[in-house]
Amino acid sequence: MKVAVVILNWNGRKLLERYLPSVMAHSLEAKIYVADNASTDNSLKFLAEDYPEVVILKNVSNLGFAGGYNEALKFVEEDIFILLNNDVEVTHGWLDGILALFQKSDHIAAVQPKIKSIQQPTKFDYAGAAGGFIDALGYPFCRGRIFDHLEEDKGQYDADVEIFWASGACFAVRKKCFWEAEGFDASYFAHQEEIDLCWRIKNLGYSIWCSSTSEVYHQGGGTLSDSSPRKTFLNFRNSLSTLLKNSEKNPFPIILLRMLMDGIAAIRFLVKGDFSHFAAIIKAHASFYTLINNMLDKRKKVTKKKHSFIVNSIVWHSFVLNIKRFNDLNLK
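All values reported here derive from a predicted model rather than from experimental measurement.

Peer 1: What exactly am I supposed to notice about the pairing of strand 3 (residues 55-58) here?
Peer 2: The side chains of a regular strand alternate between the sheet's two faces. As paired strands, strand 2 (residues 30-36) and strand 3 are joined by 4 bridges and run parallel to one another. The residue bridging Tyr 33 from the neighbouring strand is Val 55, located in strand 3. You can see the chain leave strand 2, run along helix 2 (residues 43-50) and come back into strand 3, and the turn it takes is right-handed.

Peer 1: Please explain helix 2 as it appears in this structure.
Peer 2: Residues three or four positions apart in an α-helix share a direction because the helix packs 3.6 residues into each turn. Taken as a whole, helix 2 has its buried residues at Ser 43, Phe 46 and Leu 47. All buried residues of helix 2 project into a common sector of 95° when viewed along the axis, lining one side. Across from the buried face of helix 2, at angles greater than 90 degrees, the exposed residues are Lys 45 and Glu 49.

Peer 1: Honestly, the side chain of His 285 in this entry has me stumped. Any pointers?
Peer 2: Looking at the element boundaries, His 285 is found in helix 9 (residues 275-301). In this structure the side chain of His 285 is engaged in a polar contact, spanning 3.0 Å, whose partner is the side chain of Asp 262. Apart from residues lying up to four places away in sequence, His 285 is in contact with Leu 240, Met 259 and Asp 262.

Peer 1: Whenever I open this one, a nonpolar patch on the surface confuses me. Can you help?
Peer 2: Residues Trp 316, Phe 319, Val 320 and Leu 321 make up a contiguous nonpolar surface patch of roughly 410 Å² in combined accessible area. In this fold, Phe 319 is placed in helix 10 (residues 314-320).

Peer 1: Would you explain the environment of Phe 141 in this entry?
Peer 2: One can find Phe 141 in strand 8 (residues 140-142). Exposure remark for Phe 141: the relative accessible area of 0% places this residue in the buried category. Separated by 133 residues in the primary sequence, Phe 141 and Asp 274 place their C-alpha atoms 24 Å from one another. The residues touching Phe 141, leaving out its near neighbours within four places in the chain, are Gly 131, Gly 132, Phe 133, Ile 134, Asp 135, Ile 146, Trp 165, Ile 310, Val 311, Ile 314, Phe 326 and Leu 329.

Peer 1: Looking at this structure, I do not really get the pattern of salt bridges. What am I missing?
Peer 2: Counting across every chain of the model gives 16 salt bridges. For the salt bridge of Lys 114 with Glu 215, the shortest nitrogen-to-oxygen distance reads 3.8 Å. Within this pair, whereas Lys 114 is found in strand 6 (residues 108-117), its partner Glu 215 is found in strand 13 (residues 207-218), the two being separated by 101 residues in sequence. On the basis of relative accessibility, which here comes to 3%, the residue Lys 114 falls in the buried class. A salt bridge links Lys 245 to Asp 196, with the nearest nitrogen and oxygen atoms 3.0 Å apart. Separated by 49 residues along the polypeptide, Lys 245 in helix 7 (residues 229-246) and Asp 196 in helix 6 (residues 193-203) bring together distant segments of the chain. On the basis of relative accessibility, which here comes to 0%, the residue Asp 196 falls in the buried class. Residues joined by salt bridges that share partners form a network here, namely Lys 114, Lys 116, Asp 153, Asp 158 and Glu 215.

Cut-offs and rules
- Residue indices follow the written sequence of each chain, beginning from 1 at its first position.
- Only residues with pLDDT of at least 70 are given local features in this predicted model, and only at 80 or more are side-chain atom pairs given and counted; all residues enter the totals for whole chains, interfaces and linings.
- Values shown for side chains rest on all heavy atoms present in the structure; no hydrogens or waters enter the calculation.
- Strands qualify as paired when DSSP identifies two bridges or more between them.
- Each helix is a run of DSSP H or I of at least 4 residues and each strand a run of E of at least 2, with the numbering of both proceeding from the N terminus.
- Seen with its strands pointing away from the viewer, a crossover is right-handed when the path leading from the first strand over the helix to the second is clockwise.
- Each residue's exposure class comes from its accessible area (1.4 Å probe, protein chains only) as a fraction of the maximum for that residue type: buried when under 20%, exposed when over 50%, partly exposed otherwise.
- To obtain the arc, one takes the directions from the helix axis to the C-beta atoms.
- Polar contact is defined as a pair of N or O atoms within 3.5 Å, subject to the rule that within protein one atom must be able to donate a hydrogen and the other to accept it, and that residues adjacent in sequence are counted only when both atoms are side-chain atoms.
- Pairs of residues are marked as contacts when any of their non-hydrogen atoms sit within 4.5 Å.
- Only residues whose relative accessible area exceeds 30% and that form no salt bridge enter a patch; like-charged residues are grouped when within 9 Å of one another, and nonpolar side chains (Val, Leu, Ile, Met, Phe, Trp, Tyr) when within 5 Å.
- All accessibility values rest on the Shrake-Rupley procedure with a 1.4 Å probe; residue burial counts only the protein chains present in the view.
- For this document, the term salt bridge refers to a Lys or Arg side-chain nitrogen within 4 Å of an Asp or Glu carboxyl oxygen.

Structure below.
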């Protein structure tokens, strides 16, 4: 298998300076690309001078995570795409476990490594931890991360397992499966697009896995801060779009319940005096309304398959039952 590591960049000169050296040192079996979303800093000058061996793919504008990768990957010929955030530090042998899973079965379409925090290296990272899942209402959670609670890595997830979604921070996918599923939905711009893509890939009959022997470290918030109302807007809007497009049964009862729960989350922000995030959720719902017809058209084209979600409501488990660790969940 020929392997491409493709790093999406937008005004990330400082991040490239810090994290690209680890990628170059520990990815000798891969061809390295940087897909640049029309950066206005001197990212491209830095790459040309310091890393001339890196292939630069120039997008004409900032197309976000989803559109930026869709456009750049048209020019990548390798069999395996490894989509890597520009704020990720990789480790020696990080590709071995990922590639071993692809070699195990042609039905494995996508793989992620264990993702840990740069700031707290003993803890899992928010963006993917040790593999992503969703509940029956479409809320994402991970082995090692339920909502904002991050677990220490004590080896409790040191097993390769099938998961529901792989993190966009380090997302390895077969080229043929990526394009068979028609890539990311560019209308998402960023956030939740990997969950949507993984759901569509699973609906096509493929599986998605986490490699426990591959490990990377993620800074997080390198392009869009965790505290950004824009991030809140994208997460809430795109999560609803994902449910509408991909769920097997009539999605509207679940979407109405989700929107009610989103409203409760918005009120919590309001009570705390966080008006920008309150407004972001309201805007997310308003934007979702304008997208409904478009998403229904996409729904007609998506293969739908019944999936067994491991919990009905992660909100109930976390906030009512006070369960914060994946292994303590009352799994089906």
